[in-house]
Amino acid sequence: MSEIVPRPRQPHPEAAPRTPPMPLLRAQAADPAPASAPGEGIPMREYLAALRRHIWLVLAAVLVSTGIAAYRISKEPPRYAAAAAVQLVNPRQALAGEIGTGQTDQLPGWYTDPILSQVQVLRSRGVAEQVVDSLGLRLQAEPGFPYADLDSIRVSPAARPGDTLQLTFAPGMVRGRLGPVRAEAPYGQPLDLGVARLTFARRPAVPSARMHVIDQQSAVMWVIGSMNPAQRQMTNVLDIQFTAGDPQLAARVANGAAAAFQTVSMRSAQTESRRRRMFVEQQLRSTDSLLLIAQHQLSAFRKGVRSFSPRESFRTTEEGLTQFRLQRQALLTEKSVYDQMGQVLATDPGREGSEQIAALAASPEVASNSGILSLYNELIKYQTARDSLTTGRWSRAATNPDVQQLDSLISTNRGRRVRAVGARSAALSAQIGVLDQVMASDAASISQLPDAEAEEMRLSREVETLQRLVDDMRREQQEARVDEAVEAGQVEIVDWALVPGGPVGTGRKRRLLFALLVGLMIGGGGALVLDRLNTAIVRREDAESMLQVPVIAVIPRLGEPLKASRRLDVRRLLPGKQPEEERGLVTVSEMQSAGSQAYRKLRTHLIFSQGGQPPRTLLVTSASASEGKTTVCANLATTFAQQGLRVVLIDGDMRRPRLHGLFSQARSPGLSELLEGEAQVASVVRDTNVPNLHLIAAGRLVPHVSELLGGAAMGRLMRELNAEYDLVVVDTPPVLAAADAEILGAQADAVLVVVRAGQTERQSAHYAMQQLRAVGAQIVGAVLNDPDQKISGYGKYAYYYDYYTETTG
């Protein structure tokens with residue numbers, strides 16, 4: 001037969017009006033899957049999907065991180081911690097009695113914390129060097145050294161770093177070799193090796209031991225870095241904790257640090273008292289000289305002048321003058337101190353730490369000036385902070401920004417002190433000038449009195465004034481001598497360190513957990529970065545933003561069906577033995593699966609996107625090959641046929657046809673023979689195993705495919721098929737592979753673009769859409785083949801619930 005006799009059109013089951021669901025489905029067709037609102041960021045499920053896509057990277061990062069941490073923890077030797085307790089007090093006042101009050105137990109300045117200041121002193125190089133020298137820590141022993149049998153050890157500064165001390169413990173004798181020097185000594189006697197002297201109380205259990213000489217700086221840094229002083233809460237007690245690889249060594253160094261801290265504190269207190277005594281003695285000698293001169297003048301005057309006629313007014317006025325003279329002398333003394341300090345600061349700015357500046361700062365005149373004292377204490381604070389930064393295990397160079405900032409603060413402080421001393425000296429000069437004016441006025445008022453009486457009264461008052469000053473200075477001298485004689489500082493040892501019974505915890509679980517978290521962070525971050533660097537379309541939002549059309553369906557990865565009620569087929573249990581049609585047509589083989597429901601949902605959206613009627617001609621294509629368009633085309637045509645529509649499926653991909661294999665049909669005769677006039681329509685259209693679904697295979701491969709599809713024969717065929725069938729579905733080659741899709745897209749009522757998540761490149765999809773729009777193709781939407789959207793188990797029920805609520809309202 002040359003023509004197809006038209007048959008009556010069967011009514012469309014879904015064309016009947018359905019008032020409640022229709023507006024809902026139309027709205028969903030326009031916006032099938034609302035994207036995240038702007039500003040909400042990427043949903044968590046997409047992050048999880050990215051992590052699942054790169055789970056190998058996350059697992060590798062976690063394994064590497066935890067493996068490195070576990071290896072380092074396993075290689076760490078055991079650590080032992082011992083702690084000695086000291087108390088910060090001021091016993092000098094108790095030992096010296098009432099006169100020993102020259103030093104207080106609180107450091108001056110409201111901003112200083114005495115406990116924390118003493119902690120910095122404890123961590124200073126001075127204390128560490130004394131510990132190194134007293135315990136001979138320049139000799140570092142290898143693991144297993146018998147510190148329990150070692151009585152004492154001394155190392156000379158001449159010891160060369162890098163030398164090795166080899167010890168052999170024989171019965172009754174210890175032998176040693178340090179470089180070219182060899183020596184032996186009985187136990188209990190010192191083993192003298194020139195630059196090192198060791199005494200072993202008894203024979204150790206090990207036959208031999210080795211020690212290595214290190215430099216002084218390394219030993220000091222090791223002591224400072226391993227020491228951890230901590231204040232007990234709400235007390236003035238410090239715990240000096242030291243950690244080492246040997247329990248005996250940890251206890252020895254902790255006790256040595258406590259003893260060195262006590263010694264340094266005592267020496268510092270004695271040095272401060274000695275500076276104060278020297279200053280008082282210097283002022284006392286000067287005042288004694290003035291007193292002798294005044295006494296000599298008074299004695300000479302009394303011998304030469306014999307008239308005495310005191311008057312009450314003269315006495316009253318002279319007493320006032322005496323008070324003024326006392327004030328003037330005090331001001332002059334104070335001014336001389338400030339002038340001397342200003343000269344020292346101006347001529348030698350780097351002598352703040354000298355004994356002369358320290359003595360001047362400790363003088364009563366300067367100590368009573370809170371401003372200058374605050375500047376001096378501020379300088380001490382900056383210098384202490386700088387010492388703490390430039391010493392210790394984590395010492396910093398002079399070019400460090402923090403060290404440079406402290407140097408700048410010290411320089412600024414020096415300038416402020418120079419200005420403060422100059423201002424105070426100028427103020428004292430002004431006060432002296434005022435007193436001179438008042439004294440001149442009083443002297444003028446008594447000028448009419450006898451000169452001899454006035455002179456005698458002046459000399460007497462001057463002697464009395466100087467005598468009082470001398471008495472006060474002698475009392476200050478005595479207090480300073482008592483303070484200097486007291487052999488005690490601010491540190492008292494409360495408890496000596498004991499040998500620890502076992503190693504301290506190194507936080508292995510915490511470190512492993514931290515390594516696990518770091519691995520998760522690195523792996524997760526890397527997974528997200530790789531996912532972002534992927535140029536393929538991955539998410540629904542990517543497809544919609546790139547194609548500028550709604551994604552009307554997401555086809556998940558096919559899982560197991562909900563029900564296994566159909567007959568068991570042995571072919572299904574054999575990998576690779578399933579029929580070709582059942583591997584692709586899930587709408588036939590697994591009608592209750594999530595994939596089958598997704599195709600039915602796609603069918604519903606296509607129907608209601610056309611006003612309740614399906615398109616007469618539907619073309620299915622993709623940007624590139626292997627994106628699943630043929631599978632989508634076959635399953636979509638099957639769902640329309642299962643709905644009762646008469647559907648004809650055309651395989652327009654003549655170069656790589658697959659539809660005939662899905663339906664187990666022959667490739668020829670087909671479309672190519674029909675368009676070339678070698679076959680009739682009736683002989684080409686074949687029935688399939690799906691009711692109401694007919695197939696036109698691709699036919700044989702011809703060299704001029706595009707010309708056939710764009711010719712008049714193809715137009716006549718489409719018109720004939722539209723008159724005979726309710727729906728014509730055409731499977732075409734990829735848009736970027738050939739011009740066939742563009743030729744057929746211009747003739748179709750609707751074009752459906754298939755995109756495979758994780759495979760379709762963004763630029764390829766965008767260029768394909770531009771080509772289809774250029775020929776006027778009516779693109780109704782896109783289908784996303786998402787291999788990560790596998791729905792099984794509980795997720796299937798949730799999927800069906802969403803589908804039910806969507807279709808029924």
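This is a predicted model, so every value here is computed, not measured.

Quick word on the nonpolar core
- If you look at the biggest cluster of nonpolar residues, it comprises 56 residues, and the most contacted ones within it are V131, L167, L198, F200 and M211.
- No other element matches the nine residues that helix α8 (residues 247–304) contributes to this core.
- Residue contacts for L167: discarding those within four places in its chain leaves F145, R175, G176, L191, L198, F200, P207, S208, A209 and M211.
- Counting residues in each nonpolar core, the second largest holds 47 residues, with I537, V648, L721 and A748 among its members.

Digging into the packing of helix α16 (residues 540–547) against helix α28 (residues 762–774)
- Two numbers describe how α16 lies on α28: the axes approach to 9 Å, and their chain directions differ by 40°. Classified by the angle between their axes, α16 and α28 sit oblique to one another. As for how α16 packs across α28, the hand of that crossing is right-handed. On α28, the residues that touch D542, M546 and L547 of α16 are R762, A765, H766, M769 and R773.
- Among the residues forming the contact of α16 with α28, the class breakdown is four nonpolar, one polar and three charged.

Description of the side chain of T617
- Within the element layout of this structure, T617 appears in strand β14 (residues 617–622).
- Take T617: its relative accessible area is 2%, and that puts it in the buried class.
- Engagement of the side chain of T617 in a polar contact is seen with the side chain of N722, the distance being 3.1 Å.
- The contact partners of T617, leaving out residues within four places of it in the chain, are M718, N722, L727, V728, A748, D749 and A750.

Looking at the packing of aromatic side chains
- Summed over all chains, the structure comprises four aromatic pairs.
- A centroid spacing of 6.3 Å and a plane angle of 50° characterise the contact between F145 and F200, whose relative ring orientation is tilted. Note that F145 is positioned in the loop between β2 (139–141) and β3 (150–155) and F200 in strand β8 (residues 196–200), a separation of 55 residues in sequence.
- In this structure F145 comes out as buried when scored by relative accessible area, which is 4%.
- With centroids separated by 5.3 Å and ring planes inclined at 80°, the aromatic side chains of W222 and F242 adopt a geometry described as edge-to-face. Placement of the pair is W222 in helix α7 (residues 216–226) and F242 in strand β11 (residues 237–244), with a sequence separation of 20 residues.
- Each member of the aromatic cluster is reached from another via a ring pair, and the members are F145, Y147, F169 and F200.

With respect to the pairing of strand β17 (residues 693–696)
- Because side chains alternate across β17, one face comprises the buried residues L693 and L695, and the other comprises H694 and I696, equally buried.
- Pairing of strand β15 (residues 647–651) with β17 involves four bridges; the strand directions are parallel. Within β17, the residue paired with V647 across the bridge is L693.
- Note that strand β16 (residues 686–687) and β17 share two bridges and pair antiparallel. If you follow R686 over to β17, its bridge partner there is L695.
- Here β16 hands over to β17 after five residues, with N692 in that stretch at a positive phi of 70°.

Here we look at the sheet that holds β3
- Here three strands make up an open sheet; going across it, the order is β3-β8-β7 and the pairing antiparallel. The open sheet terminates on both sides in strands that have one partner only, identified here as β3 and β7 (190–192). Direction aside, neighbouring strands of the sheet carry axes that sit 15° apart on average.
- Sheet topology places β3 next to β8; five bridges connect them, and they run antiparallel. Across the sheet, residue V155 finds its bridge partner in β8, namely A196.

Things to note about the confidence of the model for the protein chain
- Averaged over every residue, the pLDDT of the protein chain is 78; residues scoring 70 or more account for 79%.
- Across residues 1–41 the pLDDT falls below 50, and counting only partners more than four positions away or on other chains, this stretch makes 62 contacts in the model.
- In the predicted structure, residues 789–809 sits below a pLDDT of 50 and forms 41 contacts with residues beyond four places in sequence or in another chain.

Observations concerning unusual backbone geometry
- Going from S668 to P669, the amide bond is cis rather than trans, its omega being -5°.
- Take P669: it is sitting in the loop between α22 (659–662) and α23 (671–675).
- Its identity as a non-glycine residue notwithstanding, M234 has a phi of 60°, on the positive side.
- Residue position: M234 is located in the loop between β10 (227–231) and β11.
- One non-glycine residue, Q548, lies in the positive phi region at around 60°.
- Summarising the element assignment, Q548 is placed in the loop between α16 and β13 (551–555).
- The exposure class assigned to Q548 is exposed, which follows from its relative accessible area of 59%.

With respect to the pattern of salt bridges
- On inspection of all chains with the given rule, the structure shows 23 salt bridges.
- A salt bridge links R232 to D239; the shortest N-O distance between them is 2.9 Å.
- Residue D239 is classed as partly exposed on the basis of its relative accessible area, which comes to 22%.
- R474 is paired through a salt bridge with D288; the nearest N and O atoms lie 3.8 Å apart. Linking R474 in helix α14 (residues 451–485) with D288 in helix α8, this pair joins segments that are 186 residues apart in sequence.
- Overall, the relative accessible area of 44% leaves R474 in the partly exposed class.

Re α7
- A219, V220, M221, V223, I224 and S226 are the residues of α7 that are buried.
- Looking at the packing, one finds that the buried side of α7 touches α6 (125–135), β10 and β11.
- Capping the start of α7 is the job of one residue whose side-chain oxygen sits 3.2 Å from the backbone nitrogen of Q217: D215.

The rules behind the values
Residues numbered from 1 in each chain as written. Predicted model: local features only at pLDDT ≥ 70, side-chain atom pairs only at ≥ 80, totals over all residues. Heavy atoms only, no water. Core = buried A, V, L, I, M, F, W, Y, C linked by side-chain atoms within 4.5 Å. Buried < 20%, exposed > 50% of the residue type's maximum accessible area, 1.4 Å probe, protein only. Helix = DSSP H or I, 4+ residues; strand = E, 2+ residues; numbered from the N terminus. Contact = heavy atoms within 4.5 Å. Axes fitted to C-alpha atoms, helices over the stretch in contact; angles between N-to-C directions. Parallel < 35°, antiparallel > 145°, perpendicular 65-115°, else oblique. Left-handed = near helix turned anticlockwise from the far one by under 90°. Nonpolar A, V, L, I, M, F, W, Y, C, P; charged D, E, K, R; others polar. Polar contact = N/O pair within 3.5 Å; in protein donor to acceptor, adjacent residues only side chain to side chain. Phe/Tyr/Trp six-rings, centres within 6.5 Å; stacked < 30°, edge-to-face > 60°. Pairing = 2+ DSSP bridges. pLDDT = per-residue confidence, 0-100. Salt bridge = Lys/Arg side-chain N within 4 Å of Asp/Glu carboxyl O.

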